[in-house]
Amino acid sequence: MKILLVFDFDNTIIDDNSDTWIVQCAPDKKLPIELQDSYQKGFWTEFMGRVFKYLGDEGVRENEMKTTMTSIPFTPGMVELFNFIRKNKDKFDCIIISDSNSVFIDWVLEAANFHDIFAKVFTNPAAFDNNGHLTVENYHAHSCNRCPKNLCKNVVLVEFVEKQLQQGVNYTQIVYIGDGGNDVCPVTFLKKNDVAMPRKGYTLQKTLSRMSQNLEPMESSIVVWSSGVEIISHLQFLIKE
Ligand SMILES: [Mg+2]
Ligand SMILES: [Zn+2]
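Parameters at a glance
- Here, residues in each chain are numbered from 1, in the same order as that chain's written sequence.
- For this description, chains carry letters from A and ligands carry numbers from 1, given in the order in which they are written.
- Reporting of local features is limited, given that this is a predicted model, to residues whose pLDDT is at least 70; pairs of side-chain atoms are given and counted only at 80 or more, and all residues count toward the totals for whole chains, interfaces and linings.
- Hydrogens are left out, water is left out, and the side-chain values use all remaining heavy atoms of the structure.
- UniProt positions are given in the numbering used here, feature names are shortened, and annotations may be inferred rather than shown by experiment.
- We count a stretch as a helix when DSSP gives it H or I for four or more residues in a row; a strand needs E for two or more, and each element gets its number in order from the N terminus.
- Only protein chains enter the accessibility calculation, which uses a 1.4 Å probe. A residue is then buried if its area is under 20% of the maximum for its type, exposed if over 50%, and partly exposed in between.
- Between two residues, a contact is recorded if the distance between any of their heavy atoms is within 4.5 Å.
- Pairing of N or O atoms within 3.5 Å defines a polar contact, subject to two protein rules: one partner must be a possible hydrogen donor and the other a possible acceptor, and residues neighboring in sequence count only if both atoms are side-chain atoms.
- Here, strands pair whenever DSSP counts at least two bridges between them.
- With axes taken as lines fitted to C-alpha atoms, and helix axes fitted only over the stretch in contact, angles between N-to-C directions fall between 0 and 180 degrees.
- With water excluded from the atoms, a metal site may look incomplete; its donors are any N, O or S atoms within 2.8 Å, or within 3.2 Å for Na, K and Ca.
- By the criteria applied here, four donors are tetrahedral when all angles lie between 85 and 135 degrees, four are square planar and six octahedral when opposite donors are over 155 degrees apart and every other angle lies between 65 and 115, and any other arrangement is irregular.
- Buried Ala, Val, Leu, Ile, Met, Phe, Trp, Tyr and Cys residues that are joined via side-chain atoms within 4.5 Å together make up what is termed a nonpolar core.
- Basic side-chain nitrogens of Lys or Arg form a salt bridge, by our definition, when they fall within 4 Å of a carboxyl oxygen of Asp or Glu.

Undergrad: I'd like a rundown of the UniProt feature "binding site: substrate" (unreviewed entry) in the chain, residues and numbers included.
TA: Here, UniProt's "binding site: substrate" (unreviewed entry) annotation points to Asp-19 and Asp-99. The greatest C-alpha distance among the residues just named is 9.4 Å, despite their covering 81 residues of sequence, which places them together in space. As for its position among the elements, Asp-19 is in helix α1 (residues 18-21). Given a relative accessible area of 5%, Asp-19 falls into the buried group. If sequence neighbours within four positions are ignored, Asp-19 has contacts with Trp-44, Met-48, Phe-52, Asp-99, Ser-100, Asn-101 and Phe-104. Relative to the elements of secondary structure, Asp-99 occurs in strand β2 (residues 92-101). Excluding anything up to four places from it in sequence, Asp-99 contacts Asp-19, Trp-44, Thr-123, Asn-124, Pro-148, Asn-150, Leu-151, Lys-153 and Asn-182. Within the structure, the side chain of Asp-99 is placed 2.8 Å from the side chain of Asn-124, a separation counted as a polar contact.

Have a look at this one:
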C-alpha cells in the first residue's frame, strides 16, 4: 500500500513560473505590450501559444529556451525531498499535474535527473514545429466550471486514481503539494485521510485559510510548508503511522 504524492510544478517544484520565466529569452527580456495585453482570462494556453510564436519569430531557438528554462531554481528543499522520495520508492508514487507544458517540464526534470521520481506527468502537450516555434495544446476538455478551459486538475487526479484502482493499485492516502489557484479545485475534493500541502504565502494557502474562516467544509487535513524539508518531515510522520 502506497501513498500518492501529487505535485504541482510552477512555484512548487520550481521556485518561479516557467511561462513567465521564458520571457527572459525575448528581446529586452520583455514582451511587446500588444502581446502582453492579448491574454484573455481562462485562455492561458492560447496566450502562451502566441508568446512562443513571437519568440520563434524573433529567432529564439530551442537550445536557448532550454538553457533558460533549466536555469530556474528549484524551490528550497525540493532536491532533498526528491532524494528522500527516491530512497523510499516502495512507499510513494509521484505524479505531476501542471498547467505548464510537457517540453518545459521534461527539460527541467531531465537536467536535474529527476525523471525517475515521477510515474506520470499530466500537462499541456507541447512540441517544436518545423519553423522552430514551440506549440502547445490544451491538456483536455472538461466541464468543471471552477477551472481554466484547458485543465481541471481534479478531473485528472480522479481519473488517475480510478485507473490505478483498475490495475489493482489502491492508495492509502493522497498528499497534494501545490501553491496556486488551479490547485484549489483538486484540494477541496480530497478525502478525510488525505493531506493538502499548500505553500506558505501563496494563493492556495490564502484561499484555504479564507475558506476555513468562512467555515466551508473540507475533509482533508491541511499542512502548510515553506521548504521541501518540511514536506519530508511530514512524509516521515505519515509513513511511521
Ligand atoms: Mg503552481
Ligand atoms: Zn476543476
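So that's the structure; there's more coming.
Undergrad: Quick one: what's the story with the sheet that holds strand β3 (residues 120-124), residue by residue and with numbers?
TA: In space, the six strands of this open sheet follow the order β3-β2-β1-β6-β7-β8, with parallel pairing throughout. Only two strands of the sheet have a single partner each, and these edge strands are β3 and β8 (221-222). The pairing of strand β1 (residues 3-7) with β2 spans five bridges and is parallel. Bridge pairing links Leu-4 to Asp-93 in β2. Docked against the sheet, helix α9 (residues 203-213) engages β6 (173-178), β7 (195-198) and β8, running at close to 125° with respect to β7.

Undergrad: Just give me the short version of the coordination of the magnesium ion (ligand 1), but keep the residues and values in it.
TA: Only Asp-8 (OD), Asp-10 (O) and Asp-179 (OD) from the protein reach the magnesium ion (ligand 1) as donors, at distances of 2.1 to 2.2 Å. Considered as a linear motif, the donors of the magnesium ion (ligand 1) on their single chain read D-x1-D-x168-D. The burial state of Asp-8 is the same as that of Asp-10; both residues are buried.

Undergrad: Go over the coordination of the zinc ion (ligand 2) with me, naming the residues and quoting the values.
TA: Coordination of the zinc ion (ligand 2) by the protein is provided by Cys-144 (SG), Cys-147 (SG), Cys-152 (SG) and Cys-185 (SG), with metal-donor distances spanning 2.3 to 2.4 Å. One can describe the donor arrangement at the zinc ion (ligand 2) as tetrahedral, given that its four donor atoms subtend angles of 105 to 114° at the metal. Each donor residue of the zinc ion (ligand 2) lies on one chain, and together they are spaced C-x2-C-x4-C-x32-C. Overall, Cys-147 belongs to the buried group, its relative accessible area being 13%.

Undergrad: Could you give an account of the nonpolar core, naming the residues involved and the relevant values?
TA: Membership of the largest hydrophobic core comes to 52 residues, with the highest contact counts inside it found for Phe-7, Leu-55, Met-65 and Ile-85. For Phe-7, the contacting residues outside a window of four places in its chain are Ile-13, Met-78, Leu-81, Phe-82, Ile-85, Cys-94, Ile-95, Ile-96, Ile-97, Phe-118 and Ile-177. In this structure, Leu-4, Ile-95, Tyr-171 and Met-211 belong to the second largest nonpolar core, which totals 19 residues.

Undergrad: Which residues make up the pattern of salt bridges, and what values do they have?
TA: Counted by the stated rule, this structure contains nine salt bridges. Here Lys-53 ties to Asp-57 by a salt bridge, and the two come within 2.8 Å at their closest N and O atoms. Placement of both Lys-53 and Asp-57 in helix α3 (residues 44-57) is noted, with a separation of four residues, approximately one turn of the helix. You can call Lys-53 partly exposed: its relative accessible area is 44%. A salt bridge links Arg-86 to Asp-116; its shortest N-O distance comes to 2.8 Å. Here Asp-116 lies in the loop between α6 (102-112) and β3 and Arg-86 lies in helix α5 (residues 78-87), a separation of 30 residues in the sequence. Looking at Arg-86, the relative accessible area reads 31%, which means it is partly exposed. Given a relative accessible area of 36%, Asp-116 falls into the partly exposed group. Linked by salt bridges that have partners in common, Asp-8, Lys-153 and Asp-183 make up one network.

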